[in-house]
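Close look at the chain arrangement
Below are the chains, spelled out letter by letter.
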Amino acid sequence: MRTVFPSPEVTPGHRPPLSARRKTSCEPIFSTQTANSLAMIIITRPDATEEQIQHIVSRIADWGLRAEVSRGEMRVVIGVIGAEDKIRQKPLGAFPGVESVMPVLKPYKLVSYEFRGTASRVKVGDVVVGSKEVVIMAGPCSVESEDQILSIAQSIRDSGAKILRGGAFKPRTSPYSFQGLGKVGLQLLAEARRESGLPIITEVMDTKDLELVAEYADCLQIGARNMQNFSLLREVGRTQLPVMLKRGMAASIKDLLMSAEYILSEGNFNVLLCERGIRTFETMTRNTLDLNAVPVLKAETHLPVVVDPTHGIGIRDFVPAMALAAVAAGADSIMIEVHNAPEFAKSDGEQSLLPKDFADLVRRVRCVAEAVGRAV
Ligand code: PEP
Ligand code: MN
């Protein structure tokens, strides 16, 4: 049985190598041939006892299947994962305490809302994403220097951000653009974490860099361009680090959910989904921030939803409006690019907020959050 939160093996600044943090060595939960796997949901009766629930869970494990237990206010939902032929033979409805049993018919199973029957919370460092609090992530597009990242980390923390972002490996449209500081960038992020106390999120672009990035990151970012890099999705799925999966610029909401399914199917349920704008025929903005995705995702999946209005609109002056709209639409978190000297930024300066404008935005986000029953 898994708990919603990852085990606290990921202590900032002092980590065992990734190989040591993988689930039971390198074994995925089920083999990488998941085509035959089925997810079944057991809904227990409101008066089911803890003993009955534990009995069901241990019987599922005895059969070589896996149980994922979610505790709601009224009842417990048990998700069963395993090979279709195995699950179908089992008399899941016959256990005392069971009210009903049904298969997940959607193509995405483990990410579907009904699989858990309740919203998941994902812990990044000590910060919980997916609760009443709207979590603000902020920081520069790229880590550029010690002064830059330390100064930005301190100012965004003082304004109310809870997670520091910053790219060390940068996916750039042109091979001639700044590609990020790589390992040095990660070390600077770790220093900024020590100084500010904020957990860090940073992008991993390639499976060959995962071991390195995972030694530093509190949350791995999979960028829009890599949303369907299935080998990378499987690899991050074999860690227990939180992963923020960004929607590809030409990907449907369903594509995003199917990509997330890759990560969960390897055993990592600590996934955040991020809407960051899609390509449309519109040319007045960098992308079109698809805020439709927020309520749709909240209905379709138990995973928390992050919105990145910075890349979504791509123009500094318009970022705040879309950030407020994202919170009003129900986002669990927003990610904002902030730079202390945007005119000198090595990437995305034109869409980065100045620290003082970010501070002002946080004040306004707080008002909107309260208006929709959330908090900052
Ligand atoms: C980023 O967050 O800086 C980034 C490159 O994002 P995306 O993958 O959404 O373009
Ligand atoms: Mn950027």
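Just above, that's the structure.
Bear in mind that the values here come from a model prediction, so they are computed numbers and not experimental data.

**Examining helix α10 (residues 293-300)**
When we look at burial in α10, the residues that qualify are Ala-293, Val-294 and Leu-297. The buried residues of α10 all sit within an arc of 95° when viewed along its axis, so they share a single face. Looking at the buried side of α10, the elements it contacts are α9 (253-265), β12 (271-275), β13 (305-307) and α12 (319-329).

**Observations concerning the site of ligand 1**
Near ligand 1, the surroundings consist of Cys-141, Arg-165, Lys-170, Pro-171, Gln-221, Gly-223, Ala-224, Arg-225, Lys-246, Arg-276, His-311 and Glu-337. Here an oxygen atom of ligand 1 and a side-chain polar atom of Arg-165 are 2.7 Å apart. Within the side chain of Lys-170, an N or O atom sits 2.9 Å from an oxygen atom of ligand 1. Coverage of ligand 1 by the protein chains reaches 97% of its 300 Å² of free accessible surface. Tallied by class, the residues present in the shell around ligand 1 amount to 3 nonpolar, 3 polar and 6 charged.

**Quick look at the sheet that holds strand β8 (residues 163-165)**
In spatial order, the strands read β7-β8-β9-β10-β11-β12-β13-β14; together these 8 strands close into a barrel with parallel pairing. Here the strands of the sheet are splayed against their neighbours by 25° on average, with no regard to which way each runs. Across 2 bridges, β13 lies against strand β14 (residues 333-337) in parallel orientation. Following the sheet pairing, Val-307 is matched in β14 by Ile-334. Across the sheet, helix α6 (residues 183-196) is in contact with β8 and β9 (200-203); its angle to β9 comes to roughly 165°.

**Here's the deal with the state of the cysteines**
Following the criterion strictly, the structure yields 0 disulfides and no others. The closest cysteine sulfur to the non-disulfide-bonded Cys-219 is located on Cys-274, 10 Å from its own sulfur. For Cys-274, a relative accessible area of 0% puts it in the buried group.

**Here we look at the side chain of Thr-202**
As for its position among the elements, Thr-202 is in strand β9. For Thr-202, a relative accessible area of 1% corresponds to the buried category. Apart from residues no more than four positions distant in its own chain, Thr-202 is found in contact with Gly-166, Gly-167, Ala-168, Leu-186, Leu-189, Val-213, Ala-217, Cys-219, Leu-220 and Gln-221.

**Observations regarding unusual backbone geometry**
At Asp-348, a position not held by glycine, the phi torsion is positive, near 55°. Note on placement: Asp-348 falls in the loop between β14 and α13 (355-371). Given the relative accessible area of 12%, Asp-348 is considered buried.

**Topic: the packing of aromatic side chains**
Going through the model one piece at a time under the given rule, you end up with 3 aromatic pairs. Judged by centre distance (6.5 Å) and plane angle (40°), the ring pair of Phe-115 and Phe-269 falls under tilted. One end of the pair, Phe-115, is in helix α4 (residues 113-116); the other, Phe-269, is in the loop between α9 and β12, with 154 residues separating them in the sequence. Taken together, a centroid distance of 4.5 Å and an interplanar angle of 25° make the contact between Phe-230 and Tyr-262 stacked. With Phe-230 in helix α8 (residues 230-237) and Tyr-262 in helix α9, this residue pair connects regions lying 32 residues apart in the sequence. Over the ring of Phe-178 we find Lys-346, and its NZ or CZ is 5.2 Å from the ring centre.

What counts as what
- Residues numbered from 1 in each chain as written.
- Chains lettered and ligands numbered in written order.
- Predicted model: local features only at pLDDT ≥ 70, side-chain atom pairs only at ≥ 80, totals over all residues.
- Heavy atoms only, no water.
- Buried < 20%, exposed > 50% of the residue type's maximum accessible area, 1.4 Å probe, protein only.
- Helix = DSSP H or I, 4+ residues; strand = E, 2+ residues; numbered from the N terminus.
- Arc of directions from axis to C-beta.
- Contact = heavy atoms within 4.5 Å.
- Near = heavy atom within 4 Å.
- Polar contact = N/O pair within 3.5 Å; in protein donor to acceptor, adjacent residues only side chain to side chain.
- Areas by Shrake-Rupley, 256 points an atom, 1.4 Å probe, with all protein chains shown as cover.
- Nonpolar A, V, L, I, M, F, W, Y, C, P; charged D, E, K, R; others polar.
- Pairing = 2+ DSSP bridges.
- Axes fitted to C-alpha atoms, helices over the stretch in contact; angles between N-to-C directions.
- Disulfide = S-S within 2.5 Å.
- Phe/Tyr/Trp six-rings, centres within 6.5 Å; stacked < 30°, edge-to-face > 60°.
- Lys NZ or Arg CZ within 6 Å of the ring centre and 35° of its normal.

Taken by themselves, the reported measurements are silent on function.
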